[in-house]
Amino acid sequence: MWNVYNTWDWKDNTKESIINFANQLKFRPDIVERTIGLYDSIYQLMKAEVKQTFYGGSMINQVYINPDEARLSIDIDSVIREEIQNKRDLLDVLVNLRETMLSDKSLIPITIKDLEIGIGEILSDTKRQALHPQVLFLKRILPTFFVGTPLPDYLSRIGLSSKDPSVARYLINLKKEFGFLPRIYELRIEIRFSKEGISYPFHKQQIFPYFKQVLTPIKYLECDIEQVASVAQGKLEFLELVNEEETINITNTICDLRILYLYNLDIEIPLSIRNKIKRIKEQCKADFSKYWFYQLISTKYSFDGILSKIFQINKAKKSRKEV
Amino acid sequence: MDIINTTTKIKIIETLLQNKKSLGISSIANHAKISVSEIWRQISVLIDYGLIIEENRGPMGRYKKYKININNPLVNIVKELFDQYEKIRKFIHLKPLDACSQFLKKYYITGAYAIKEASWDIFYSDGMMVAVDPKEYEKAKLLKNCYINRWNFILLKKPIEKCDYFYDEDERVFKATFEQAIADSIGSYQLDPNNIEILYFLLVENLDWIKLRELLELQWGDIALKRLYYLFSIARILGGQLYPADIFRPKTYTKGEDPVYTQDAKKSCFRILLCNGIAQEQAW
């Protein structure tokens, strides 16, 4: 199998070892794989020659919340602190990052029929790129055993049909070499920027992967992370603006807002947000038990439990202030 | 310069230079296709300057013959002028491609112009890049300078033996293959930035990448490889995720090198990938 990870021991990235980790954790192996890919991709992004602060769900859950009770957020969000006019300004940063990744062997180019596929490469997420002018949507192409699209399907999606003799030959040879056909998983990355630069309060912090009790990287990451109070404030602002139909996003945000009481933050939840949550509480509850990414958190908390604790803390603060 | 200020005087000199023996007035008039009286009227100035020598042949000097005075320093200058004029006259009214084929032997048409038709004239090229062997470079320079107001010849002085070109039966000129034309355009980018238009062809056609790499490496070296590598790296990031960047990876790659090219390549790449729907229009 291709090894594009700089943060994990190559021996750990075999089908058997991932199944073994999954068994120890009593989790699906694809989630273990996503975790490995996420942690390594944060490291790859840190190589970009630009000052960035990491934020968002995956950082909150890997940094500020006990790994046993994390919500499994498997995408990367960062903001660029420097002034960036538009996405084009970031092209050279990406070209240089690509070059560094090639030298570090975290990007493996493979050639099929005169065309090239970059395993481990970070590319523009073309379908989503037009969603926002000040968010650079990227994806990292990761080789996997369990999660993602089977390689033949992936190749055919990008224009290399396995009906083509040279593509078919390549796949046969690859199966002989690896003993199986890998899958391709596209990990989502969003980089926010602005003309003035984005200055979320940040500090340097070590990041541990999810399932750190079992998964031990060979390189521990330390990067600039948004400070916890700023994260909470951002999450509340998001709740204020988000459409009520986006129940998954709302449930995610509420899970992450546990930092309000975990860190005893002096932040009040506005009435409008409380009312919004109350209105769609039942729908959020349904999501909470349904998806794999709530699997860890739901072993320790119920959705109602989290909500009441957030509201309770909030009430206490309010009454303290009134006194 | 009253020695060559009229067509008649030029024709007298031309006739006498072409005919090595002495000629009488009527013979000169015959050759030059000008009336005898006009020759009579104007030949005296040339005699005064010593460009032409009179030879008395008949009794009482009535019948005279004339010949060029090769010892007069002005003659050499005028002769050189005629020689050059003679060379130019042969092609000056020809179309540029015909001029190349008739005037040059070791050459081939390359760059964006060589690919223009194959790409359905989609891109614009206001010049014609001609690769010329060093032995014929001076001749090609003359051609370029004569066409300067009508046609933009861009000359590439390079040994052409190892270049990849063919004889185009339709246009009757030597033309570079697509790969060679692209290699020349990218290698000589600073000579004619207009040739960046060739990137269009590069990004939409499936070419013989191995041959292209060999040509770039052999003829233009690392700088050209870096340019193509950079282009394909951008194209991949922008959404053309099958472009073969790695095959053009140079031995050494310094970040931020060649800023003028990278700026132009980025612009072209955006334009091409956007109009082909590879990158999304609103996005970038």
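Our structure's up above, just so we're on the same page.
(A) Highlighting the pairing of strand β6 (residues 135-144) of chain A. Residue and element names in this part refer to chain A. The buried fraction of β6 is high, at 10 of 10 residues. A two-sided burial pattern is seen for β6, the buried positions comprising V135, F137, K139, I141 and P143 on one face and L136, L138, R140, L142 and T144 on the other. Pairing of strand β5 (residues 122-124) with β6 involves 3 bridges; the strand directions are antiparallel. What sits directly across from L123, in β6, is K139. In terms of strand pairing, β6 meets strand β8 (residues 183-192) through 10 bridges, oriented antiparallel.

(B) Main features of the layout of surface pockets. Residue and element names in this part refer to chain A. If you add up the space inside the largest pocket, you get close to 1,400 Å³. Taken together, 40 residues form the lining of the largest pocket, with D75, D77, E190, F238 and N249 sitting closest to its centre. Those elements giving two or more residues to the lining of the largest pocket turn out to be β6, β8, α8 (228-241) and α9 (247-256). Of all the elements, α8 adds the most residues to the lining of the largest pocket, at 8 residues. Tallied by class, residues from the lining of the largest pocket come to 16 nonpolar, 10 polar and 14 charged. Three or more residues apiece are contributed to the lining of the largest pocket by two domains, here domain 1 (2-226) and domain 2 (229-322).

(C) Spatial organisation of the pattern of salt bridges. Applying the stated criterion across every chain, the model contains 37 salt bridges over all chains. Of the charged contacts, one joins A:D30 and A:R28 as a salt bridge, the two residues approaching to 2.9 Å between their closest N and O atoms. Exposure remark for A:D30: the relative accessible area of 11% places this residue in the buried category. With relative accessibility at 38%, the residue A:R28 sits in the partly exposed group. Note that B:R236 is salt-bridged to A:E116, the shortest N-O span being 4.0 Å. One end of the pair, B:R236, is in helix α11 (residues 222-238); the other, A:E116, is in strand β4 (residues 115-119), on a second chain. One network of salt bridges, in which partners are shared, links A:R98, A:E116, A:E121 and B:R236.

(D) A look at empty space enclosed by the protein. Residue and element names in this part refer to chain A. Scanning all chains against the criterion turns up 5 cavities of 30 Å³ or more. Here the largest cavity defines a volume of roughly 60 Å³. Taken together, L45, A48, V50, I80, L90, V93, L94, L97, L136, L138 and I191 form the lining of the largest cavity. Those elements that place two or more of their residues in the lining of the largest cavity are α4 (91-103) and β6. Ranked by the residues each element gives to the lining of the largest cavity, the list is headed by α4, at 3 residues. Here the lining of the largest cavity is composed, by residue class, of 11 nonpolar, no polar and no charged. What the second largest cavity holds in volume is close to 40 Å³.

What counts and how
- Once a new chain begins, its residue numbering starts again from 1 and follows that chain's sequence as written.
- Labels are handed out in written order, letters beginning with A for the chains and numbers beginning with 1 for the ligands.
- Two thresholds apply to this predicted model, a pLDDT of at least 70 for residue-level local features and 80 or more for giving and counting side-chain atom pairs, whereas whole-chain, interface and lining totals are computed over all residues.
- To get the side-chain values, all heavy atoms of the structure are used, and hydrogens and water are removed first.
- Exposure categories follow from relative accessible area, calculated using a 1.4 Å probe and restricted to protein chains: below 20% of the type maximum is buried, above 50% is exposed, and the middle band is partly exposed.
- Secondary structure elements follow DSSP: runs of H or I no shorter than four residues count as helices, runs of E no shorter than two count as strands, and numbering proceeds from the N terminus.
- Two strands qualify as a pair provided that DSSP identifies no fewer than 2 bridges between them.
- Grid points spaced at 1 Å over the protein atoms alone were grouped into cavities, where a 1.4 Å probe fits but cannot get out, and pockets, open sets with protein on both sides within 12 Å along at least five of seven lines, with lining residues defined by an atom within 4 Å of a point.
- Grid points are joined across faces, edges and corners, and a volume is the space filled by probe spheres set on the points.
- All residues other than Ala, Val, Leu, Ile, Met, Phe, Trp, Tyr, Cys, Pro, Asp, Glu, Lys and Arg, Gly among them, are scored as polar; the first ten of these are nonpolar and the last four charged.
- Domain borders in the structure are assigned automatically or taken from a domain database.
- Basic side-chain nitrogens of Lys or Arg form a salt bridge, by our definition, when they fall within 4 Å of a carboxyl oxygen of Asp or Glu.

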